[in-house]
Structure formats: C-alpha cells, structure tokens
Amino acid sequence: MSKVIYLDNAATTKVDHDVFEAMKPYFEELYGNASSIYTFAGQATKAVDNARKIVADYLGAKPKEIYFTGGGSESDNWALKATALAKNKKGKHIITTTIEHHAILHTCEYLEKFGYEISYIDVDENGVVKLDELKKAIREDTILISVMFANNEIGTIEPIKEIGEIAHEHDIIFHTDAVQAYGHVPINVDELNIDILSASGHKINGPKGVGIMYLRESVKLDSFIHGGGQERGKRAGTHNTPGIVGFGKATEIAVSKMNKRYEYESKLRDYLIEQVLEKVPYTRLNGHRTNRLSNNANFSFRFVEGEALLIMLDQKGICGSSGSACTSGSLDPSHVLLAIGLPHEIAHGSLRLTLSDETTKEDIDYVVEQLSIIVERLRSMSPLYEDFIKEDK
C-alpha cells in the first residue's frame, strides 16, 4: 500500500497549510528581532503580541500571563523547578501522579536529589486520579500539585477543576501539563483553578520547537533561562517569531474547529474502538471509555509483543505507537499501563492509535482489517497463546 495512514497524532501532527503560510513571512521578509526597537522589527513584535493574545483569549487569561517557550517539556521543567525554588521556605513536598509524562516524572526525580519529597498518587483502572488519595497526601509543607490534563497514552481526561479546588483550599499551587488537551477541549484557567499550564505547538498542527507556559499573575516564579530581558525577563533568548506566529495561528484554527472536530473525531474513534474489540478477540481498551480525548484509542492485545506489532503495521503503511514517542526506544512496558493495573505481559502488547480530522472511515476499516490479520499471525507464533486456546477449549 503506497498511502501512509498516519495514526500517531499524539506524538506530533503535520503543520496546517494556513499555519505554514502565516509563518513564512517571518523567515524571509519580516525577519527582524522582536526585541529590537527600530521600525523594521516592529512587525515581528506585533506578531508575537498578537499570538500571545490569541493564546490568552483561548485560556481565559491575560496576555501578560502567557510566556513562549521551546515546547511542553521546557514548560514542565520551568513550572516544577521554579516553583520548587520559589517555595522552598514553605516546604519541599510536591504531589504528582504515577501516569505523568516523563517531562514531569524525570524532573521530579531530579528535584529529589536536592531534598524534595515527591508523592506519586495512584490512578484507577481507567487512569483517573484517586482524589481521596490526593487529599490524604497533602501536608503542611506541600508546595505544588502537578497533574496532567489528559493522559498522552490512554487519553483519559482528569478531573482538573476538582484537583484545582483541592489545591487552592490548601493554598497550594496547581500546575497541569495540558500538552495533549490544549486546542482539543475548552480550557479556562480561572474556571478550572489552574495556576500554571504547559502546552506545545506541534500537537495542534503547529510547528515543533515552540510552546507556552501560562503563569497566573499572582504566582511569582524566577526566570528559567537567564540572559536577555525577553518574555518580561522570565525567559531569555531571541524570540522564535515564526514559531510563535505558527503557535498562535494553530491555536486560532484549533479553537475555530474545536466543536466540529470533536464531533467528527469522537465518532470515528468510537467506531475504531467498536471494530477492534469486535474483530480482534482477547483485546482490552485502555483508558476511560467515554471521558477521553476525542482522537485517542489505546488497546492491549494479549499474547502479542507491541514492537513486532508496530513493525508489521508499518509494513502495511500504518503509523501507530506503543505509547509516548519520548520513550519509543525503551523495551520496558508503559508506566501508564502498569499504573492502571495491567501485568507486564499484557502491557507489552499495547497499541496507541490517535486520529486527526483528516482520518477517514476507509482508513479505519483498512487498519482494523490489517490489525486483525497481524494480531492473528503474531499469536500463531506464541506458545502461550496456543496453550491458552487449548485450556479455553
């Protein structure tokens, strides 16, 4: 099959044509440094300001609360490390969850080297944070709660508003990694009690290498990158004007298409889930059945090794993932799937398929057809499956 069916949009998305066109002038014509004061650079300055306002309007924030960064991972690092430093006189206790992106988990591991204590809250079988456990973990020296908005592997959307309320009841800063949710669902930082938020451009058909951090005006954090006075002295470095313009345009498009896209993708996602569960036996859907991102479907196939599955799908022109793209080279099973209670042997046979508004029903039919054939072939080579079938009969 010559056509590539791309179902790994949680890893990255293609740049929208209108986003690319919006960016182009700032490479070739309006290339001035946005921090310069002369007239020629003014166009770049205005473009950065405009993108900042677009992002702020979507989040229900003030433009001065939006900081442009190099991506979601940088924003996550900034949020955790700067909060830890700013609040260390109050305490050194941070709460997060067992299913966070590694940009959060590895930053927490780093902070532990400096005496910070991290409480990792468990989730239920659907990947939903256990609020009772979260409440019990709060201490007098707790300075930060960081919980992702929606999980990048299994798509489950977390009870962000409730978590924010719990944090604020105890005068604790609340951060959410919204990389997967940004541009896909409505987000109002005041209504959801969010103090700090991370997002990334390349998840919403924008460019790679640009992200944002929303920082509530009342939360005072130090700079993360020192140098010049860019981003109101908080994040030094010459503005990536084309990238920032692209982020703003991608946000604008995502917001304008949000309802229509959600309706289309969720219907196609449900069709994919139903077809896979019907036509591929001994398969489990991972994540919440309904309260999940509109484009996310994550399955575990018993008696199948995920890496072999991905290779054989690739040979048929199908792009999928076994989990986070940031850990695709790892042979360890997904920490998210282990956290929701799957045993290692089942977690190893996982497949994440994430759609876009360009995915068609015909694409899904082809994927399900090939998936059924490939899973059956892989199982035919498994002595465990052979023993299971004998026992089952």
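Please refer to the structure higher up on the page.
Residues numbered from 1 in each chain as written. Predicted model: local features only at pLDDT ≥ 70, side-chain atom pairs only at ≥ 80, totals over all residues. Heavy atoms only, no water.

A.B. asks: I would appreciate a short explanation of the overall build of the protein chain in the present structure.
C.D. replies: Check the secondary structure of the protein chain and you find 13 helices and 12 strands. Principal-axis analysis of the C-alpha atoms gives the protein chain an extent of 75 × 55 × 35 Å. By the burial criterion, 56% of the 393 residues in the protein chain qualify as buried. In the protein chain, the proportion of contacts linking residues at least 24 apart, taken out of those at least 6 apart, comes to 73%. For the protein chain, the separation between the mean place of its 44 positive charges and that of its 57 negative charges on side chains is 3 Å. (Helix = DSSP H or I, 4+ residues; strand = E, 2+ residues; numbered from the N terminus. Buried < 20%, exposed > 50% of the residue type's maximum accessible area, 1.4 Å probe, protein only. Contact = heavy atoms within 4.5 Å. Lys, Arg positive; Asp, Glu negative; His and termini not counted. Charge placed at Lys NZ, Arg CZ, Asp CG, Glu CD.)

A.B. asks: How should the environment of His17 be read in this particular structure?
C.D. replies: Examined against the element boundaries, His17 turns out to sit in helix H1 (residues 17-23). We classify His17 as exposed; its relative accessible area is 54%. Distance in space between the C-alpha atoms of His17 and Ala250 is 10.0 Å, their sequence separation being 233 residues.

A.B. asks: Any chance you could explain the packing of helix H8 (residues 241-279) against helix H12 (residues 361-380) here in plain terms?
C.D. replies: Each pair of packed helices can be summarised by the angle the axes make with each other and by the distance between the axes. One way to put it is that H8 packs onto H12 with a least axis distance of 10 Å and a crossing angle of 20°. Regarding the angle of H8 to H12, the classification is roughly parallel. For H8 against H12, the interelement crossing comes out right-handed. Here Leu268, Tyr271, Leu272, Gln275, Val276 and Lys279 of H8 lie close against H12, whose contacting residues are Lys361, Ile364, Asp365, Val368, Leu371 and Ser372. Considering only residue class, the contact of H8 with H12 consists of seven nonpolar, two polar and three charged. (Axes fitted to C-alpha atoms, helices over the stretch in contact; angles between N-to-C directions. Parallel < 35°, antiparallel > 145°, perpendicular 65-115°, else oblique. Left-handed = near helix turned anticlockwise from the far one by under 90°. Nonpolar A, V, L, I, M, F, W, Y, C, P; charged D, E, K, R; others polar.)

A.B. asks: What is the right way to read helix H3 (residues 39-59) from this model?
C.D. replies: The first and last C-alpha atoms of H3 sit 31 Å apart over 21 residues, in line with the 30 Å expected at 1.5 Å per residue. All of the buried residues along H3 are Ala41, Ala44, Ala47, Val48, Ala51, Arg52, Ile54, Val55, Ala56, Tyr58 and Leu59. Structurally, H3 contributes buried residues whose contacts are with helix H2 (25-28), strand E2 (66-69), strand E7 (196-200), strand E8 (211-215) and H8. Looking at the residues trailing H3, positive phi occurs at Gly60, about 70°. (Expected span 1.5 Å × (residues − 1).)

A.B. asks: Help me understand the pattern of salt bridges in this model?
C.D. replies: Side chains bearing opposite charge may pair, as long as their charged atoms lie close to each other. Counted according to the given criterion, the structure contains 19 salt bridges. The salt bridge partner of Glu117 is Arg139, with a shortest N-O separation of 3.2 Å. Residue Glu117 is located in strand E4 (residues 117-121), and its partner Arg139 is located in the loop between helix H6 (131-137) and strand E5 (142-146); the two are separated by 22 residues in the primary sequence. Relative accessible area serves as the criterion here: at 44%, Glu117 is assigned to the partly exposed category. By relative accessible area, which is 32% here, Arg139 ends up partly exposed. Across the pair Asp190 and Arg216 runs a salt bridge, and its minimum N-O distance is 2.8 Å. Taken together, the residues Asp190 in the loop between strand E6 (173-177) and E7 and Arg216 in the loop between E8 and H8 connect sequence positions 26 residues apart. With relative accessibility at 16%, the residue Arg216 sits in the buried group. One network of salt bridges, with partners in common, ties together Lys62, Lys64 and Glu217. (Salt bridge = Lys/Arg side-chain N within 4 Å of Asp/Glu carboxyl O.)

A.B. asks: Quick question: what am I supposed to make of the nonpolar core here?
C.D. replies: Buried together is how nonpolar side chains tend to be arranged in soluble globular proteins. Leu59, Ile145, Phe149, Ile187, Ile194 and Ile212 are the most contacted members of the largest nonpolar core, which totals 60 residues. For this core, the element with the highest residue contribution is H3, accounting for seven residues. (Core = buried A, V, L, I, M, F, W, Y, C linked by side-chain atoms within 4.5 Å.)

A.B. asks: Would you explain the sheet that holds strand E10 (residues 296-301) in this entry?
C.D. replies: The strands making up a sheet associate through backbone hydrogen bonding, with each pair oriented either parallel or antiparallel. Spatial ordering of the open sheet is given by E9-E10-E12, a layout of three strands whose pairing is antiparallel. At either margin of the open sheet sits one strand with a lone partner, and together these are strand E9 (283-286) and strand E12 (350-354). The mean angle between the axes of side-by-side strands here comes to 25°, regardless of whether they run parallel or antiparallel. Contacts between H8 and the sheet are confined to E9, E10 and E12, with E10 contributing the most and set at about 10° to the helix. (Pairing = 2+ DSSP bridges.)

A.B. asks: I'm lost on the environment of Ala347 in this one. Help?
C.D. replies: Tracing the backbone through its elements, the reader meets Ala347 in helix H11 (residues 344-347). As for Ala347 and Phe299, which are separated by 48 residues in sequence, their C-alpha atoms are 9.3 Å apart. With residues near it in sequence (within four places) discarded, Ala347 still touches Pro333, Leu337, Leu338 and Leu342.

A.B. asks: Hey, could you run me through the packing of aromatic side chains in this one?
C.D. replies: How two aromatic rings sit relative to each other is set out by the distance from centre to centre and by the angle between their planes. For the structure on display, the rule yields 12 aromatic pairs. Taking the centre distance of 5.0 Å and the plane angle of 55° together, the rings of Tyr110 and Phe114 count as tilted. Here a set of aromatic residues connected by ring pairs shows up, and it is made of Tyr58, Phe68, Tyr182 and Phe247. Sitting over the face of the ring of Tyr67, Arg232 holds its NZ or CZ atom 4.2 Å from the ring centroid. Here the basic side chain of Arg302 rests over the ring of Phe388, its NZ or CZ set 4.8 Å away from the ring centre. (Phe/Tyr/Trp six-rings, centres within 6.5 Å; stacked < 30°, edge-to-face > 60°. Lys NZ or Arg CZ within 6 Å of the ring centre and 35° of its normal.)

A.B. asks: Explain the side chain of Glu158 here, please?
C.D. replies: Of note, Glu158 is situated in the loop between E5 and helix H7 (160-169). Arg292 is the oppositely charged side chain nearest to the buried, salt-bridge-free Glu158, at an N-O distance of 11 Å. At 2.9 Å, the side chain of Glu158 forms a polar contact with the backbone nitrogen of Val129. Those residues within four positions of Glu158 in sequence are excluded, and the remaining contacts are Ile99, Gly127, Val128, Val129, Val147, Met148 and Phe149. (Polar contact = N/O pair within 3.5 Å; in protein donor to acceptor, adjacent residues only side chain to side chain.)

A.B. asks: What exactly am I supposed to notice about the pairing of E7 here?
C.D. replies: In summary, the side chains of a regular strand alternate between the two faces of the sheet. Burial analysis of E7 places five of its five residues in the buried class, the great majority of the element. Residues Ile196, Ser198 and Ser200 line one face of E7 and the alternating positions Leu197 and Ala199 line the opposite face, and both faces are buried. Note that E6 and E7 share three bridges and pair parallel. When the sheet's bridge partners are listed, Thr176 is paired in E7 with Leu197. As judged from the five bridges shared by E7 and E8, these two strands associate in the antiparallel manner. Residue pairing in the sheet places Ala199 in a bridge with Ile212 of E8.

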